[in-house]
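A structural walkthrough
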Amino acid sequence: MRPAADAALQVRAATAADLAAIAALHTGARAAYHRARFPDLPFDVLAERARRHDAWSRDLGRGDTLALCAARHGTVVGAASYRHRADHHRPAVTLHQLHVDPGHWGTGVGRALHGACLRAWRAAGFSRAVLDVLWHNHRARAFYTRLGWRPDPDRRPAPDATHLTLTLDLATPPAAPAPGAPAPAGR
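A brief look at the structure comes next. (Residues numbered from 1 in each chain as written. Predicted model: local features only at pLDDT ≥ 70, side-chain atom pairs only at ≥ 80, totals over all residues. Heavy atoms only, no water.)

**Points about the side chain of His26**
By secondary structure assignment, the location of His26 is in helix H1 (residues 19-35). In contact with His26, not counting residues within four places along its chain, are Arg52, Trp56, Gln97 and His99. (Helix = DSSP H or I, 4+ residues; strand = E, 2+ residues; numbered from the N terminus. Contact = heavy atoms within 4.5 Å.)

**Here's the deal with the nonpolar core**
Counting residues in each nonpolar core, the largest one holds 29 residues, and the members touching the most others are Leu95, Trp121, Tyr144 and Trp149. Within the residue set of this core, elements represented by two or more residues are strand S2 (65-72), strand S3 (75-85), strand S4 (92-100), helix H3 (109-123), strand S5 (128-134), helix H4 (138-146) and strand S7 (163-169). Ranked by the residues each element gives to this core, the list is headed by H3, at six residues. For Leu95, the contacting residues outside a window of four places in its chain are Ala80, Ser81, Tyr82, Cys117, Trp121, Val130, Leu131, Tyr144 and Trp149. With nine residues, the next largest nonpolar core counts Ile22, Leu25, Trp56 and Ala67 among its residues. (Core = buried A, V, L, I, M, F, W, Y, C linked by side-chain atoms within 4.5 Å. Buried < 20%, exposed > 50% of the residue type's maximum accessible area, 1.4 Å probe, protein only.)

**Quick notes on the environment of Gly148**
Relative to the helices and strands, Gly148 is located in the loop between H4 and strand S6 (150-151). On the basis of relative accessible area, Gly148 is assigned to the partly exposed category, the value being 28%. Each C-alpha atom of the pair Gly148 and Leu170 lies 9.9 Å from the other, and the pair is 22 residues apart in sequence. Leave out the neighbours within four places in its chain, and Gly148 touches Thr167 and Leu168.

**Description of the pattern of salt bridges**
The tally for this structure, following the rule as stated, stands at three salt bridges. For Arg12, the salt bridge is made with Asp18, and the minimal N-O distance between the two is 2.8 Å. In this structure, Asp152 and Arg128 form a salt bridge, with 3.0 Å as the shortest nitrogen-oxygen distance. A residue pair is termed long-range when its members are at least 10 positions apart, and Asp152 in the loop between S6 and S7 and Arg128 in strand S5 qualify at 24 residues. Across this residue pair, the class does not change: Asp152 and Arg128 are buried. (Salt bridge = Lys/Arg side-chain N within 4 Å of Asp/Glu carboxyl O.)

Structure, rendered in structure tokens:
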């Protein structure tokens, strides 16, 4: 049974104390979306969890990367990290990671993390955000599309078509949903 979308959710800065929980949920999320494409391969294995642990440990230790986590009733159920993009022509912020524990997909966790990122980016004066999403991760691509992200016209898909670069204009606030329109589901 999925947690209710209105259950207490707190988005806050991630700390080293959150590292194990973030690595576990990231591993689980990757396993869930990769399993749809490669059903016979094991993805939630100790080696994969160790890779996620090392990657998030580096992110949490970098001075140029900010990390957030979402906790519901004290349990970390989502995480995001972002950094300034070194692009001389069009400076931007890069959404480096955004992952939600699969048991909490569709409950607003991804939307809450995304909203916290947007507020921080706009407060810092960024006018543009970018991210790379796995081409075959249709769930994530639909999530970002609902939130206003569009394919970056300056970047073609990766030559091996594994990733798609998306961009979001931060200078223009997102449009409010049409009256009576259902609210987009969270990730």
